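Observations on chain architecture
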Amino acid sequence: QVQLVESGGGLVQAGGSLRLSCAASKTIFSISAMGWYRQAPGKQREMVASITSDGRTYYADSMKGRFTISRDNAKNTVYLQMNSLKPEDTAVYYCNAKTQMLAYWGQGTQVTVSS
């Protein structure tokens, strides 16, 4: 019973791009927001970007202008387009889906940016 399926992580050189995808299971009802978080070694998990069901987006300041989040409500899928990647973006990226009562988390996908 995998509830959030992530894809798109990998290795990229500094300045390159990656696109992450996360599809929520049909068993998750009434998702109000989906988003991405990341955690680098030795650091706390931080919010990267989120998007509500009506299309409002939020970004961490360090990602503003480089990352873009989008959502396909019909597919319960969220995307994260990452451009101008930096070595400090290296982290495990986690997908998140929120309903009125619950929050769901993906298993995480590794993003590694080499200099």
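Rules used in this analysis
- Residues numbered from 1 in each chain as written.
- Predicted model: local features only at pLDDT ≥ 70, side-chain atom pairs only at ≥ 80, totals over all residues.
- Heavy atoms only, no water.
- Phe/Tyr/Trp six-rings, centres within 6.5 Å; stacked < 30°, edge-to-face > 60°.
- Helix = DSSP H or I, 4+ residues; strand = E, 2+ residues; numbered from the N terminus.
- Buried < 20%, exposed > 50% of the residue type's maximum accessible area, 1.4 Å probe, protein only.
- Lys NZ or Arg CZ within 6 Å of the ring centre and 35° of its normal.
- Pairing = 2+ DSSP bridges.
- Axes fitted to C-alpha atoms, helices over the stretch in contact; angles between N-to-C directions.
- Disulfide = S-S within 2.5 Å.
- Salt bridge = Lys/Arg side-chain N within 4 Å of Asp/Glu carboxyl O.

1. Quick look at the packing of aromatic side chains
- One pass over the full model with this rule turns up one aromatic pair.
- Residues Tyr 37 and Trp 105 carry aromatic rings whose centres are separated by 5.0 Å and whose planes lie at 65° to one another, so their mutual orientation is edge-to-face. One end of the pair, Tyr 37, is in strand β4 (residues 33-39); the other, Trp 105, is in strand β10 (residues 103-105), with 68 residues separating them in the sequence.
- For Tyr 37, a relative accessible area of 24% translates into the label partly exposed.
- It is Arg 19 that lies over the ring of Tyr 79; its NZ or CZ is 4.2 Å from the centre.

2. Section: the sheet that holds strand β1 (residues 4-7)
- The four strands lie next to each other as β1-β3-β8-β7, forming an open sheet whose pairing is antiparallel. Strand pairing shows two members of the sheet lacking a second neighbour, β1 and β7 (67-72), which therefore form its edges. Averaged over all adjacent pairs, the angle separating strand axes in this sheet is 15°, with direction ignored.
- Across six bridges, the pairing between β7 and strand β8 (residues 77-82) is antiparallel. Each residue of the ladder has a partner; that of Thr 68, found in β8, is Gln 81.

3. Regarding the state of the cysteines
- For the structure shown, the criterion picks out one disulfide.
- Two residues share a disulfide in this structure: Cys 22 and Cys 95, whose sulfurs sit 2.0 Å from each other. Given an S-S torsion of about -90°, the disulfide between Cys 22 and Cys 95 has left-handed geometry. Here Cys 22, found in strand β3 (residues 18-24), pairs with Cys 95, found in strand β9 (residues 91-98); they are 73 residues apart in sequence, far enough to count as distant. Per residue, the accessibility class of Cys 22 equals that of Cys 95, and both read buried.

4. A closer look at the pattern of salt bridges
- This model, assessed by the stated rule, comprises four salt bridges.
- A salt bridge links Glu 46 to Arg 38, with the shortest nitrogen-to-oxygen separation between them at 2.8 Å.
- A residue is classified by how much of its surface remains accessible, and Arg 38, at 7% relative accessible area, is buried.
- Between Asp 54 and Arg 56 there is a salt bridge, with its nearest N and O atoms 3.2 Å apart.
- With relative accessibility at 46%, the residue Arg 56 sits in the partly exposed group.

5. Let's talk about the pairing of strand β5 (residues 46-52)
- The buried fraction of β5 is high, at five of seven residues.
- When β4 meets β5, the two strands line up antiparallel, connected through six bridges. Bridging from a neighbouring strand, Arg 38 pairs with Glu 46 of β5.
- Counted along the chain from β4 to the antiparallel partner β5, the turn is six residues long, and its residue Gly 42 has a positive phi close to 80°.
- For β5 and strand β6 (residues 57-59), the ladder comprises three bridges, and the chain directions are antiparallel. Residue Ile 51 lies in a different strand from β6, and its bridge partner there is Thr 57.
- Joining the antiparallel neighbours β5 and β6 is a turn of four residues, in which Gly 55 adopts a positive phi near 95°.

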